[in-house]
Amino acid sequence: MIKIVRVSCLFIFIVTNSYAQLVNGEQSIKINGTRLFFDIQGKGKPLLIIHGGPGLNHTYFLPYLSDLSKTNKLIFYDQRACGQSAIPSADSVTLKFLNKDIEEIRKKLKVAKLRIMAHSWGAILAVNYAIQFPDKIEKLILCNPSPLSHEYDVQMAAFMKENTTVEDSLARAKIYHSSSIEVDNFEKLMKINFKASAYDRQHIEKIDLNIPDNYLQSSQVLMMGLQKDLKTYNYYSKVKGFRFKTLLLAGQYDGIPLASIERLQKLIPGAKMYTFDKSGHFPFVEETDRFIAVVNDFLKKN
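Given the structure is predicted, the values throughout are model-derived calculations rather than measurements.

**What about the pattern of salt bridges?**
Right, so step 1: Within this structure, the stated rule accounts for 11 salt bridges.
Right, so step 2: With a closest N to O distance of 2.8 Å, E138 and K45 form a salt bridge. On the criterion of sequence distance, the pair formed by E138 in strand β6 (residues 137–143) and K45 in strand β3 (residues 45–50) is long-range, its members being 93 residues apart.
Right, so step 3: Owing to a relative accessible area of 28%, E138 belongs among the partly exposed residues under this scheme.
Right, so step 4: One salt bridge connects R290 with E287, and the closest N-O pair in it is separated by 3.5 Å.
Right, so step 5: Note on E287: relative accessible area 11%, which makes it buried.

Here's what the structure looks like:
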């Protein structure tokens with residue numbers, strides 16, 4: 001029997017009524033029929049931050065991206081059925097709805113074009129949005145982007161097997177064979193996987209994944225809603241049409257093949273690429289200062 005225990009979380013302020021604008025602070029806003037949770041920080045031009053997963057939430061970026069808020073208004077949000085956002089029906093958790101959420105956020109920000117930074121799985125979402133709304137993008141940053149097809153799945157699985165320690169394999173097996181899975185065990189399992197894609201495995205322990213107590217329910221909805229979209233896809237040919245400035249960020253020790261990101265650089269006209277030589281899947285955690293400097297430099301340039 002699967003058991004979920006409640007974890008306590010402290011939040012500053014959550015707006016529960018229909019709120020028309022996006023202002024600094026934590027708030028819950030109705031977007032396309034469901035409530036999304038936002039954490040907005042800083043001042044300057046908006047930068048929409050799209051988290052990975054599917055099933056994670058914005059909290060793992062914090063506090064590592066905080067220095068970006070000195071010159072940018074950071075728009076963190078939890079995708080539908082993720083984190084503190086509401087869990088709608090599975091038929092409304094598709095790439096189509098997730099794209100519409102981003103477009104609605106753009107409208108609420110009252111900007112003609114978005115600047116977006118997407119991490120990991122978030123790159124799939126950001127690329128889909130860019131394909132559908134190419135004239136609504138000013139700048140795009142893809143940080144450790146998941147491959148845009150399944151071509152690299154076998155290579156990534158082999159990397160995980162080779163870089164997972166015996167101790168972590170035993171710890172994972174112990175959790176899988178326990179009679180109940182508690183919320184903190186979900187985080188333990190994720191961190192075991194993330195350690196394989198790190199320059200320094202100790203850095204992973206610093207990340208706050210903040211897994212909510214409804215994680216099992218939300219992950220089931222995500223799997224049901226996205227399974228058709230993610231069963232077979234290949235977006236590489238479509239990125240050739242991008243005409244906005246694009247920055248690709250990679251970690252030398254990431255389980256995502258460097259070749260898959262280099263491929264994007266060749267396909268996207270004018271795309272720039274930067275590789276962090278002492279990072280894996282989370283360069284903003286492992287090389288925070290350098291990461292902030294690279295991103296700020298890209299955002300400041302015309």
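Back to the text.
**Some remarks on the sheet that holds strand β5 (residues 114–119)**
Right, so step 1: With respect to topology, eight strands assemble into an open sheet ordered β1-β2-β4-β3-β5-β6-β7-β8, the strand pairing being mixed. The strands lining the two open edges of the sheet, one partner per strand, are β1 (25–31) and β8 (272–276). In this sheet, adjacent strand axes meet at a mean angle of 20° when their direction is disregarded.
Right, so step 2: Pairing of β3 with strand β4 (residues 72–77) involves five bridges; the strand directions are parallel.

**Overview of the packing of helix α4 (residues 166–176) against helix α5 (residues 183–195)**
Right, so step 1: Orientation of α4 relative to α5, taken along the N-to-C sense of each, is 155°, at an axis distance of 10 Å. Put simply, α4 runs roughly antiparallel to α5. Seen from above, α4 lies across α5 with left-handed handedness. Facing α4, whose interface residues are D168, A171, R172, I175 and Y176, α5 presents N185, K188, L189, I192, N193 and K195.
Right, so step 2: For the contact of α4 with α5, the residue count by class is five nonpolar, two polar and four charged.

**Topic: the packing of aromatic side chains**
Right, so step 1: Taken as a whole and assessed by the stated rule, the structure comprises 16 aromatic pairs.
Right, so step 2: With centroids separated by 4.7 Å and ring planes inclined at 35°, the aromatic side chains of F242 and F244 adopt a geometry described as tilted.
Right, so step 3: Given the relative accessible area of 3%, F242 is considered buried.
Right, so step 4: Under the relative-accessibility criterion, F244 is labelled buried at 6%.

**Structural notes on the pairing of strand β2 (residues 34–41)**
Right, so step 1: β2 sits mainly inside the fold: seven of its eight residues count as buried.
Right, so step 2: Once β1 ends, the chain turns through two residues before running back antiparallel as β2, passing N32 with a positive phi of about 50°.
Right, so step 3: Where β2 lies against β4, four bridges are found, and the strand directions are antiparallel. Counterpart to Q41 in the pairing with β4 is L74.

**Some details on α5**
Right, so step 1: Helix length check: α5, at 13 residues, gives a terminal C-alpha distance of 19 Å against a target of 18 Å (1.5 Å per residue), a fit within 8%.
Right, so step 2: With 10 of 13 residues buried, α5 lies mostly within the body of the structure.
Right, so step 3: Among the residues making up α5, those that are buried are V183, N185, F186, E187, L189, M190, K191, I192, F194 and K195.

**A closer look at the confidence of the model for the protein chain**
Right, so step 1: Summary statistics for the protein chain give a mean pLDDT of 91 and a share of 92% for residues scoring 70 or more.
Right, so step 2: Considering only residues more than four positions removed or in separate chains, one finds that residues 1–20, a stretch of pLDDT under 50, has 42 contacts.

**Notes on the packing of helix α1 (residues 95–109) against helix α2 (residues 122–132)**
Right, so step 1: Running from N to C, α1 and α2 cross one another at 75°; their axes reach a closest spacing of 9 Å. For the element pair α1 / α2, the angle class is roughly perpendicular. The residues of α2 that touch α1, namely those facing L95, L98, N99, I102, E103 and R106, are L125, N128, Y129 and Q132.
Right, so step 2: Taken together, the residues of the contact of α1 with α2 break down into five nonpolar, three polar and two charged.

**Considerations on the environment of I50**
Right, so step 1: Counting through the fold element by element, I50 comes out in strand β3.
Right, so step 2: Among the residues examined, I50 registers a relative accessible area of 0% and is labelled buried.
Right, so step 3: Residues I50 and V294 lie 244 residues apart in sequence; the distance between their C-alpha atoms is 18 Å.
Right, so step 4: Among all residues touching I50, those that are not within four sequence positions of it are F61, Y77, Q79, I102, I116, M117, A118, H119, G122, L125 and A126.

**Some words on the nonpolar core**
Right, so step 1: Judged by nonpolar contacts, the single largest core of 53 residues is most densely connected at F38, L48, I50, Y77, I102, I116 and L142.
Right, so step 2: Not counting chain neighbours up to four residues away, the residues in contact with Y77 comprise L36, F37, F38, L48, I49, I50, H51, H58, I102, I105 and L125.
Right, so step 3: Among the nonpolar cores identified, the runner-up in size contains 35 residues, and Y60, L74, L209 and F276 belong to it.

The rules behind the values
Residues numbered from 1 in each chain as written. Predicted model: local features only at pLDDT ≥ 70, side-chain atom pairs only at ≥ 80, totals over all residues. Heavy atoms only, no water. Salt bridge = Lys/Arg side-chain N within 4 Å of Asp/Glu carboxyl O. Helix = DSSP H or I, 4+ residues; strand = E, 2+ residues; numbered from the N terminus. Buried < 20%, exposed > 50% of the residue type's maximum accessible area, 1.4 Å probe, protein only. Pairing = 2+ DSSP bridges. Axes fitted to C-alpha atoms, helices over the stretch in contact; angles between N-to-C directions. Parallel < 35°, antiparallel > 145°, perpendicular 65-115°, else oblique. Left-handed = near helix turned anticlockwise from the far one by under 90°. Contact = heavy atoms within 4.5 Å. Nonpolar A, V, L, I, M, F, W, Y, C, P; charged D, E, K, R; others polar. Phe/Tyr/Trp six-rings, centres within 6.5 Å; stacked < 30°, edge-to-face > 60°. Expected span 1.5 Å × (residues − 1). pLDDT = per-residue confidence, 0-100. Core = buried A, V, L, I, M, F, W, Y, C linked by side-chain atoms within 4.5 Å.

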